[in-house]
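If you want the building blocks of each chain, they are given just below.
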Amino acid sequence: MSSTLNISTGPAGSRIVGVGSFRPEHIVTNDDLSQRMDTSDEWIRTRVGIIERRYAGPDESLVDMAVTAGTRAIQDAGLQPSDLDTVIVANCTMPSPIPNAAAQVADRIGVKAAGAFDLNAACAGFCYSLATASDLIRSGSAGRVLVIGAEKLTDWVDPTDRANAIIFADGAGAAVVGPSDEPGIGPVAWGSAGDMVDMIYNRDNRYIYQEGQTVYRWATGQIAPIAMRALELAGLQPSDVDALIPHQANLRIVEAIAKKLRAAGAKEKMEVADDITYTGNTSSASIPIALDHMRKAGRVNTGDVLLMVGFGAGLSYAGQVVISP
């Protein structure tokens, strides 16, 4: 006798209902870096657009930062930890893959018996996780999901490496995703370029290495079309976008993406995230941190159409359109 399995079904859509972030207190300026390597404030500003970045202390872990950002996102949503049932932590810098960060974060925040897992798509991790959370909710597999991007990159960067030490920083950003009668998170446009795996990787499982110029050329050429694909999947045009929030890899890459979108019809007054200037590159944390800061500064308002796109090691990339909470 054959058996028929039940399947769960969920709401028509999902949306972000709260956002929060955390940056360590310790500020490292370009002048600070010039004291230990051959660089200067002008050289760094010109090439990557960074003025300062934040470093976590020796007793400040990735999990600690994720807990703070996640707690703030839940508070921003007006919810209690007991209202959530799933936690996803996007990261690529946990000291060890076992145990994962998500279960620890869920327990410390108070999301009991949560479905909890880490997702590693490097700097595209938040967009990958947001898409996963949205699909979990719409399928009925989850009710509300806490999505966190958190990184302690300074554990993995050679402090004397001028190419990388000037870029990377630490921090965490989070979003609470819940059900919605109308879509608030568009379909994901994602993919990978595994043939470029050696462009960014952990050398000898110790320090991050990247072919900076190759990655720059790839990102400036390939990310704008991915962003356009996300718009197409959402049924929108570049002129519909109120704010562009790409991964904060390099200000020059961000500017190149924005220029191509404007050439395709985006508004001249479209807000463009430039959080890297005072936060640095925080990998999977950069998009939610930038979103939180833009909301607090009044650069993004409730109901705005946001275009997010992440890209990084793998090479992995992902983007989607989101309605701002």
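In the annotation of an unreviewed UniProt entry, the entry for the protein chain reads Beta-ketoacyl-[acyl-carrier-protein] synthase III, and the organism field reads Kibdelosporangium banguiense. Within the UniProt record for the protein chain, the comment given under Pathway (unreviewed entry) is "Lipid metabolism; fatty acid biosynthesis." UniProt, in the comment section headed Catalytic activity (unreviewed entry), describes the protein chain in these words: "malonyl-[ACP] + acetyl-CoA + H(+) = 3-oxobutanoyl-[ACP] + CO2 + CoA".

A. The arrangement of the overall build of the protein chain in detail. For the protein chain, the count of helices and strands is ten helices and 14 strands. Taking 2.2 N^0.38 as the reference for a compact globule, 325 residues should give roughly 20 Å; the C-alpha atoms of the protein chain span a radius of gyration of 19 Å, in line with that estimate. Residue burial in the protein chain is summarised as follows: out of 325 residues, 54% are buried. Sequence-distant contacts in the protein chain: of pairs separated by 6 or more residues, those separated by 24 or more amount to 78%. Counting every atom, the protein chain has about 13800 Å² of accessible surface; 48% of that belongs to carbon and sulfur. Averaging the locations of the 27 positively and 37 negatively charged side chains of the protein chain gives two centres separated by 3 Å.

B. Representation of the UniProt feature "domain: Beta-ketoacyl-[acyl-carrier-protein] synthase III N-terminal" (unreviewed entry) in the protein chain in the model. On the UniProt side, "domain: Beta-ketoacyl-[acyl-carrier-protein] synthase III N-terminal" (unreviewed entry) is annotated at positions that read residues 117–194 here. A helix fraction of 24% and a strand fraction of 33% characterise residues 117–194, whose end C-alpha atoms lie 23 Å from each other.

C. Spotlight on the sheet that holds strand 4 (residues 86–90). Spatially, five strands are ordered 1-7-6-4-5 in an open sheet, and the strand pairing comes out mixed. Only two strands of the sheet have a single partner each, and these edge strands are strand 1 (13–22) and strand 5 (115–119). Averaged over all neighbouring strand pairs, the angle between strand axes comes to 20°, with direction disregarded. Both strand 4 and strand 6 (residues 145–152) contribute to a ladder of five bridges, which runs parallel. Pairing of V89 across the sheet is with I148, part of strand 6. Set on the sheet, helix 5 (residues 125–139) makes contact with strand 1, strand 4, strand 5, strand 6 and strand 7 (170–180); between it and strand 4 the angle comes to about 160°. In this fold helix 10 (residues 286–296) packs onto strand 1 and strand 7, with an angle of close to 85° to the strand it touches most, strand 1.

D. The state of the cysteines, seen in detail. This model, assessed by the stated rule, comprises zero disulfides. C123 provides the cysteine sulfur closest to C92, a residue in no disulfide bond, and the two sulfurs are 6.1 Å apart. In this structure C127 is a free cysteine whose sulfur lies 11 Å from that of C123, the closest cysteine sulfur available.

E. Molecular detail of the environment of V28. Relative to the helices and strands, V28 resides in strand 2 (residues 26–29). V28 sits in the buried class, given a relative accessible area of 5%. Each C-alpha atom, one on V28 and one on G303, is 35 Å from the other, the two residues being 275 residues apart in sequence. Not counting residues within four places of it along the chain, the set of residues in contact with V28 comprises L33, E52, R53 and Y55.

F. Quick look at helix 4 (residues 101–109). Residues of helix 4 that are buried include every one of A101, A102, V105, A106 and I109, and no others. What you see down the axis of helix 4 is that its buried residues fit within an arc of 125°, all on one side. Of the residues that open helix 4, the one with a side-chain oxygen 3.4 Å from the backbone nitrogen of A102 is N100. Downstream of helix 4 by a residue or two, G110 has a phi angle that is positive, lying close to 110°.

Quick notes on the rules
Residues numbered from 1 in each chain as written. Predicted model: local features only at pLDDT ≥ 70, side-chain atom pairs only at ≥ 80, totals over all residues. Heavy atoms only, no water. UniProt positions renumbered as here; feature names shortened; annotations may be inferred. Helix = DSSP H or I, 4+ residues; strand = E, 2+ residues; numbered from the N terminus. Rg over C-alpha atoms; globule rule 2.2 N^0.38 Å. Buried < 20%, exposed > 50% of the residue type's maximum accessible area, 1.4 Å probe, protein only. Contact = heavy atoms within 4.5 Å. Areas by Shrake-Rupley, 256 points an atom, 1.4 Å probe, with all protein chains shown as cover. Lys, Arg positive; Asp, Glu negative; His and termini not counted. Charge placed at Lys NZ, Arg CZ, Asp CG, Glu CD. Pairing = 2+ DSSP bridges. Axes fitted to C-alpha atoms, helices over the stretch in contact; angles between N-to-C directions. Disulfide = S-S within 2.5 Å. Arc of directions from axis to C-beta. Polar contact = N/O pair within 3.5 Å; in protein donor to acceptor, adjacent residues only side chain to side chain.

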